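Below, each chain spelled out in residue letters.
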Amino acid sequence: MSESVDILEQKLSNLPTNPGVYQFKDEKGKVIYVGKAKKLRNRVRSYFQDSRHHTGKLRVMVSKIKDVETIITDSEAEALILENNLIKEYQPRYNVALKDDKSYPYICVTRDEKPRVFPTRTILKDGSKYYGPYDHVGKMKHMLEVIRKTFGLCTCACSPRNIDLNRGVPKWHSCFDDYFENCSGDWSLDRYQDTMQKVVRLLNGKTSELLRELKEEMVIAADALDFENAAFLRDGIDALEKYSEKMKMVTSNEINRDIFAIHVDDENAVACGVIFKVREGKLLGKHHKIIKNIEGKSHAYLIQIFAEDYYTGELAGIEPDEVHLSHEPEDAEPLMEYLSSQVGRKVPVLQPKIGEKAQLVAMAVSNAKLILGEYILQKRKAEKDFIPQSVKELQQYLHLPRLPRRIECFDNSNLQGTDPVASMVCFVDGQPRKSEYKRFNIKTVVGPDDFASMKEVLIRRYSRVMKEQQHIPDLIVVDGGKGQLSSSVEALKEIGYYGQTPIVGLAKRLEEVFVPGYKDALMIPKTSPSLKLLQRVRDEAHRFAITFHRSKRSKRTITSELTNIPGIGPKTAQKLIKSIGSVNKIKQAELEELQKAVGNETGERVFEYFRKG
């Protein structure tokens, strides 16, 4: 063991300052993490220095690193490509995982002398080019239909798997029937390759310039009295124009843009990335990926790897004029350098803040949020005992004996000691269960004493839990620091409940978590989903308490104004409020309306009181 540690330390002390890629390996030599760096020495050594701000997952990963291997590259752009390839090859455990949520349809263009164009859901690394993905199979089939009608190109998926053995023809029979007499496979090589260039431009969204060229060709054919070819071109132009009209226009200019957006669910440690491909101002297509293993990762990091993964993959297609991101990336330079090397010009990577571009990014974010919500819902349906990552992490950080699947949280509310109330909210598996929320009127405490109020509420709540043998929570949270927690512990000890359920206090100032028996607070990382869950529970308890307090104070204020009227008690005042509405409406009500609500004599008394006033 000491020998491997010495070797690792020796490697760390001799790291180069060049850009490149690093691989961390465990004791079995398995790659557990791959990363890139502008300066390998600085980046790699940072993992083994100050670990106070590391997440729990990162600390575990560092403890398993027994070897490091580096590969020097000439630039960050080369490092980006190499990193992506190594991640795909080794699929390291601690790298963020980007996965397609479903099997998308693509259009494949093979790498043959006469390339075939056909639909597929399977991507093979055989040199073929894949266009898409299409978010709906109908859109993919429509594009193939446009290719057939515009260019006369056969788009049959003519592989042995797609042959109807009974008929001896491709299963995509419509294409076969259309071109039975004149299959494009019989064209000359020059004609075929010229047509394929146009098909590829169409697949890349360049419809406007294609239409201009086809119209020019039609005029030339007509002038040359080649009416058959002119008619063919006319029909193709008509099909292409109808397709172009159906495409959704999303920007006022015809710039090619790629829009990348992410939405993160910290509770479940999962995110969704969405890509909009905008070509000539029209939305050519969109697709998404589910991003896992995101614990402790910032939005800046996630949006960057999402975009980098796309452009270094097989499906990037034509590079855009601009790239728009929903969040500022950690370092856009490697991606900009890579895109510039591919297209021979600078491609700006931007985060729009206002205007049409920002609206398009916001639309992509909304799509990501919707898709992620559906993904989590489907996952929960598939897994009956699904437990969010935030709940699992909370057990680790607080050293709880069991998973805190049921959390009960308490908060007080009063205004200078008047109308004191308290609330209890209940969260099950990280989600609020509002049917089990409870409100408490403080009965034994006089004045603004939050400690005594919390003590009363906990005694009342858990005395009843024990008496009625109700389901006990896995964790009790009180809003406050050490003082509030001490008062709460006293309450639980007084009724003999202490020890049955762990209890913690969450202080607002620094979001510190206090645990009985510990002098100092537990500092859960600010990016941890477990801390965000505690904050959500605490904020919901605060909201519920404030709402109850305001309602109680409002009722007291209203009824006290009406009970100042001689002969009007609280019940009559409430009856008036219920029947007529607000105090202002009662003041303006006619005599008949008041008498109808509370009787002739009382109604007249109320009427005269406000008229005299």
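Just so you know, these numbers come straight off a predicted model, no measurement behind them.

Participant: Would you mind going over the overall build of the protein with me for this structure?
Facilitator: Looking only at helices and strands, the protein features 20 helices and 21 strands. Taken across its 613 residues, the protein has 48% of its residues classed as buried. Within the protein, residue pairs in contact and separated by at least 24 positions form 65% of the contacts whose partners lie at least 6 positions apart. With an accessible surface of roughly 31700 Å², the protein has 49% of that area assigned to carbon and sulfur atoms.

Participant: Even after reading the chapter, I still don't get the environment of Arg-116, so can you show me in this structure?
Facilitator: Along the chain, Arg-116 falls in the loop between β5 (106–109) and β6 (117–120). In this structure the C-alpha to C-alpha distance between Arg-116 and Met-196, which are 80 residues apart in sequence, comes to 9.2 Å.

Participant: Would you explain the pattern of salt bridges in this entry?
Facilitator: Working definition: two side chains of opposite charge can pair if their charged atoms are close together. If you walk through the whole model with that rule in mind, you get 24 salt bridges. In this structure, the salt-bridge partner of Glu-322 is Arg-257, at a minimum N-O distance of 2.9 Å. With Glu-322 in strand β13 (residues 322–325) and Arg-257 in strand β10 (residues 257–265), this residue pair connects regions lying 65 residues apart in the sequence. Note on Glu-322: relative accessible area 13%, which makes it buried. Among the residues examined, Arg-257 registers a relative accessible area of 2% and is labelled buried. One salt bridge connects Arg-605 with Glu-601, and the closest N-O pair in it is separated by 3.2 Å. Taken together, the residues span about one helical turn, with Arg-605 and Glu-601 both in helix α20 (residues 600–612) at a distance of 4 residues. Classification of Glu-601 as exposed rests on a relative accessible area of 59%. Put simply, Arg-406, Glu-408, Arg-433, Glu-436 and Arg-461 are held in one network by salt bridges that share partners.

Participant: Got a minute to help me understand the nonpolar core in this structure?
Facilitator: Nonpolar side chains in soluble globular proteins generally cluster together in the buried interior. Counting 44 residues, the largest nonpolar core has Phe-24, Phe-260 and Leu-302 as the members making the most contacts within it. Residues within four places of Phe-24 in sequence aside, it is in contact with Lys-30, Val-31, Ile-32, Tyr-33, Val-44, Tyr-47, Phe-48, Met-61, Ile-65, Asp-67 and Val-68. In this structure, Ile-107, Leu-153, Ala-230 and Leu-233 belong to the second largest nonpolar core, which totals 26 residues.

Participant: What exactly am I supposed to notice about the confidence of the model for the protein here?
Facilitator: When pLDDT drops low, the exact placement of atoms in the prediction is not to be read closely. The pLDDT averaged across the protein works out to 79; a share of 84% of its residues lies at or above 70. This model gives residues 167–181 a pLDDT under 50, and the stretch forms 31 contacts once residues within four places in sequence are excluded.

Participant: Please clarify how the packing of aromatic side chains should be interpreted in this entry.
Facilitator: Each aromatic ring pair is specified by the distance between its two centres and by the angle formed by the two planes. Taken as a whole, this structure holds 14 aromatic pairs when the rule is applied. Arranged with centres 6.3 Å apart and planes meeting at 25 degrees, the rings of Phe-24 and Tyr-33 form a pair that is stacked. Phe-24 gets classed as buried once you look at its relative accessible area, which sits at 0%. For the cation-ring pair, Arg-461 lies above Tyr-462, with the distance from its terminal atom to the ring centre recorded as 5.8 Å.

Participant: Before we go on, may I ask you to explain helix α15 (residues 482–494) in this structure?
Facilitator: Since there are 3.6 residues in each turn of an α-helix, residues three or four apart along the chain are aligned in direction. Its 13 residues give α15 an end-to-end C-alpha distance of 18 Å, which sits within 8% of 18 Å, the value for a rise of 1.5 Å per residue. Of all the residues in α15, the buried ones are Gln-484, Leu-485, Ser-487, Ser-488, Val-489, Ala-491 and Leu-492. The first or second residue beyond α15 is Gly-496, which carries a positive phi of 80 degrees.

Participant: What is the right way to look at the packing of helix α5 (residues 137–151) against helix α7 (residues 189–203) in this model?
Facilitator: Two measures define how a pair of helices packs: the angle their axes make with one another and the distance between the axes. Close contact between α5 and α7 brings their axes to 11 Å; oriented N to C, the two are set at 145 degrees. Considering how the two elements wind past one another, α5 and α7 form a crossing that is right-handed. On α7, the residues touching Met-143, Val-146, Ile-147 and Phe-151 of α5 are Thr-195, Lys-198, Val-199, Leu-202 and Leu-203. In terms of residue class, the contact of α5 with α7 is made up of 7 nonpolar, 1 polar and 1 charged.

Participant: Even after reading the chapter, I still don't get a negative patch on the surface, so can you show me in this structure?
Facilitator: Taken together, the side chains of Asp-74, Glu-78, Glu-333 and Glu-337 make up a negatively charged region of the molecular surface. Structurally, Glu-333 is set in helix α11 (residues 333–343). Residue classification places Glu-333 among the partly exposed positions, given a relative accessible area of 47%.

Participant: Looking at this structure, how should I read the sheet that holds strand β7 (residues 129–131)?
Facilitator: One key point about sheets: their strands pair by backbone hydrogen bonds, in either a parallel or an antiparallel sense. Strand order in this open sheet of 3 strands is β6-β5-β7, and the pairing throughout is antiparallel. The strands lining the two open edges of the sheet, one partner per strand, are β6 and β7. In this sheet, adjacent strand axes meet at a mean angle of 30 degrees when their direction is disregarded. Pairing geometry for β5 and β7, over 3 bridges, is antiparallel. Looking at the pairing, Cys-108 lines up with Tyr-130 of β7.

Participant: What exactly am I supposed to notice about the pairing of β5 here?
Facilitator: Consecutive residues of a regular strand have side chains that alternate between opposite faces of the sheet. On β5, burial covers both faces: Tyr-106 and Cys-108 on one face and Ile-107 and Val-109 on the other are all buried. Looking at chain direction, β5 and β6 are connected through 4 bridges and run antiparallel. Bridge assignment links Ile-107 to a residue of β6, and that residue is Pro-119.

Participant: Quick question: what am I supposed to make of the sheet that holds strand β1 (residues 20–25) here?
Facilitator: In spatial order, the strands read β2-β1-β3; together these 3 strands make up an open sheet with antiparallel pairing. Of all the strands in the sheet, the pair left with one neighbour each is β2 (31–37) and β3 (67–72). With direction set aside, neighbouring strand axes in the sheet form an average angle of 20 degrees. Packing against the sheet, helix α4 (residues 76–90) makes contact with β1, β2 and β3, and its axis sits at approximately 170 degrees to β2.

So, how was this worked out
- Residues numbered from 1 in each chain as written.
- Predicted model: local features only at pLDDT ≥ 70, side-chain atom pairs only at ≥ 80, totals over all residues.
- Heavy atoms only, no water.
- Helix = DSSP H or I, 4+ residues; strand = E, 2+ residues; numbered from the N terminus.
- Buried < 20%, exposed > 50% of the residue type's maximum accessible area, 1.4 Å probe, protein only.
- Contact = heavy atoms within 4.5 Å.
- Areas by Shrake-Rupley, 256 points an atom, 1.4 Å probe, with all protein chains shown as cover.
- Salt bridge = Lys/Arg side-chain N within 4 Å of Asp/Glu carboxyl O.
- Core = buried A, V, L, I, M, F, W, Y, C linked by side-chain atoms within 4.5 Å.
- pLDDT = per-residue confidence, 0-100.
- Phe/Tyr/Trp six-rings, centres within 6.5 Å; stacked < 30°, edge-to-face > 60°.
- Lys NZ or Arg CZ within 6 Å of the ring centre and 35° of its normal.
- Expected span 1.5 Å × (residues − 1).
- Axes fitted to C-alpha atoms, helices over the stretch in contact; angles between N-to-C directions.
- Left-handed = near helix turned anticlockwise from the far one by under 90°.
- Nonpolar A, V, L, I, M, F, W, Y, C, P; charged D, E, K, R; others polar.
- Patch = residues over 30% accessible without salt bridge, like charges linked within 9 Å, V, L, I, M, F, W, Y side chains within 5 Å.
- Lys, Arg positive; Asp, Glu negative; His and termini not counted.
- Charge placed at Lys NZ, Arg CZ, Asp CG, Glu CD.
- Pairing = 2+ DSSP bridges.

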